[in-house]
Amino acid sequence: MKLNKIMDQKNADAILITNMLNVRYFSGFTGTTGVVLATGEKRYFITDFRYTEQADAQVVPNGFEVVREDRQPLERVAELLKENSVKRLAIEDTSVSLSQFRSFEKNFEGIDFVDLGDIFLRERMIKTPEEIEIIREAARITDEAFAAIKPLIKEGAVEKDLSTELEYQMKKRGADGPSFDIIVASNYRSAMPHGVASEKKLESEGFVKFDFGCFYKGYASDMTRTIYLGSNPTEKHLEVYNTVREAQELAVKSVKAGVTTRELDRIAREYIEGKGYGEYFAHGLGHGIGLQIHEYPGVSFKAEEIVLEENMVITIEPGIYLEGFGGVRIEDDIVVKRDGYEILNGTTKDLVKL
Ligand SMILES: [Mn+2]
């Protein structure tokens, strides 16, 4: 099992998991309180009386023993460490707070701590078929919600009203909630890469950028579409839109196992540079998605270069942002296949004029 492999790699006798996303990933527990302690032979899930019933249902099938502890859970962890003669304990140094670490030191006397670093993020990069199925559904909900609000996208509509409606439409279709603050950015605001919906009203002519997604069964989707509101886009509007679209599709078509994240970024970036807009595409091309909206691998010239593997799920989202004029970004969620890719979003990338 994965956790034993990690213990070997880190030369640790046990792993303590306190980050709830990783608790969920390894144990299946979806509640808000509980810690995992894994030793070479044992898998403990420690929680209090509020969650024991849920834990029995969710973690026992995954080989975990539920340990009820109504005092401080760390006191019980300390006992379990003794019982199992643990000397070296691996911890999530990237998410443990300093005060948590102080209480580890206080409770776990004589234990050496080993940092896990980003090893869980690396494990989580490659999705199981079950995880991909959930993300596929999350993307489908996102598509449907966007289609549902189309009639509301018109001159005078308030950006925030559109984001509220998107959230409602996603939840109505089974989403837990939005996967981040929904971006609805019209006209000059569309030039802001992260223009979260504001009180601004949509104007009679111009771009409107929507970047949103949902959490469904704990997993994120993420999609961006830019539409043109009105009937008279200028040559420049069309050129900017078509440049982003072409760059996005070039990069998507290049996705397959064996290609690196930086190669993908370069393909889109060189195309946009060739059209003279290079300096207006200053962010990375994309990112992994999963239990978090931004996961490994970063698909960016700024991030570590990672060779894509089958069943990674990434976004591809180039953009061009012209201050005072407007901006365009187009984003899909992509499953990496051995010899290609699968696009999870079904929403058209043709320039939609409303
Ligand atoms: Mn994204």
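Residues numbered from 1 in each chain as written. Predicted model: local features only at pLDDT ≥ 70, side-chain atom pairs only at ≥ 80, totals over all residues. Heavy atoms only, no water.

Undergrad: Quick question: what am I supposed to make of the UniProt feature "domain: Creatinase N-terminal" (unreviewed entry) in the protein here?
TA: UniProt feature "domain: Creatinase N-terminal" (unreviewed entry): in the numbering of this structure it lies at residues 2-126. Annotation note: span residues 2-126, helix share 42%, strand share 21%, distance between end C-alpha atoms 12 Å. (UniProt positions renumbered as here; feature names shortened; annotations may be inferred. Helix = DSSP H or I, 4+ residues; strand = E, 2+ residues; numbered from the N terminus.)

Undergrad: So what exactly am I meant to see when it comes to the sheet that holds strand β4 (residues 65-68) here?
TA: Within a sheet, each strand pairs with its neighbour through backbone hydrogen bonds, oriented either parallel or antiparallel. The sheet built from six strands is open, its strands ordered β4-β3-β2-β1-β5-β6 with mixed pairing. Pairing within the sheet leaves two strands with one partner each, and these edge strands are β4 and β6 (112-115). On average, each strand axis in the sheet is inclined to that of its neighbour by 25 degrees, with strand direction left out of account. Examined bridge by bridge, strand β1 (residues 14-17) and strand β5 (residues 88-91) share two bridges and lie parallel to one another. The residue of β5 that forms the bridge with A14 is L89. Lying on the sheet, helix α5 (residues 98-107) is in contact with β1, β5 and β6; it crosses β6 at an angle near 145 degrees. (Pairing = 2+ DSSP bridges. Axes fitted to C-alpha atoms, helices over the stretch in contact; angles between N-to-C directions. Contact = heavy atoms within 4.5 Å.)

Undergrad: When you look at the coordination of the manganese ion in this model, what are you seeing that I'm missing?
TA: Six octahedral donors around a metal ideally make angles of 90 or 180 degrees; four tetrahedral donors ideally make 109.5 degrees. Looking at the manganese ion, the protein donor atoms are D222 (OD), H287 (NE2), E317 (OE) and E331 (OE), and they sit 2.0 to 2.3 Å from it. All donor residues of the manganese ion come from one chain, and their arrangement in sequence is D-x64-H-x29-E-x13-E. Of this pair, H287 sits in strand β13 (residues 286-288) while E331 sits in the loop between β17 (326-329) and β18 (332-337), placing them 44 residues apart in sequence. Each of the two residues, H287 as well as E331, counts as buried. (Donors = N, O, S within 2.8 Å, 3.2 Å for Na, K, Ca; no water. Buried < 20%, exposed > 50% of the residue type's maximum accessible area, 1.4 Å probe, protein only.)

Undergrad: What is the right way to look at the domain arrangement of the protein in this model?
TA: In many reports, interface size means the accessible area that the parts give up when they come together. According to the domain assignment, the protein contains domain 1 (2-124) and domain 2 (126-343). Relative to domain 2, the C-alpha centre of domain 1 lies at a distance of 35 Å. Every contact between the two is made by eight residues of domain 1 and, on the other side, twelve residues of domain 2. Interface area for domain 1 against domain 2, summed over the two sides, is near 920 Å², with a carbon-plus-sulfur share of 47%. Our count for the contact surface shared by domain 1 and domain 2 stands at two salt bridges. When the shortest N-O distance is used, the salt bridge between E304 and R122 registers 2.9 Å. Scanning the region where domain 1 abuts domain 2 turns up seven residue pairs in polar contact (both at pLDDT 80 or more). Those elements that place two or more of their residues in the side of domain 1 that touches domain 2 are α2 (20-27) and α6 (119-125). When residues in the side of domain 1 that touches domain 2 are grouped by element, the largest group, four residues, is from α6. Broken down by class, the residue content of the side of domain 1 that touches domain 2 amounts to three nonpolar, no polar and five charged. (Domains from an automatic or database assignment. Buried area = accessible area lost by both parts, 1.4 Å probe. Salt bridge = Lys/Arg side-chain N within 4 Å of Asp/Glu carboxyl O. Polar contact = N/O pair within 3.5 Å; in protein donor to acceptor, adjacent residues only side chain to side chain. Nonpolar A, V, L, I, M, F, W, Y, C, P; charged D, E, K, R; others polar.)

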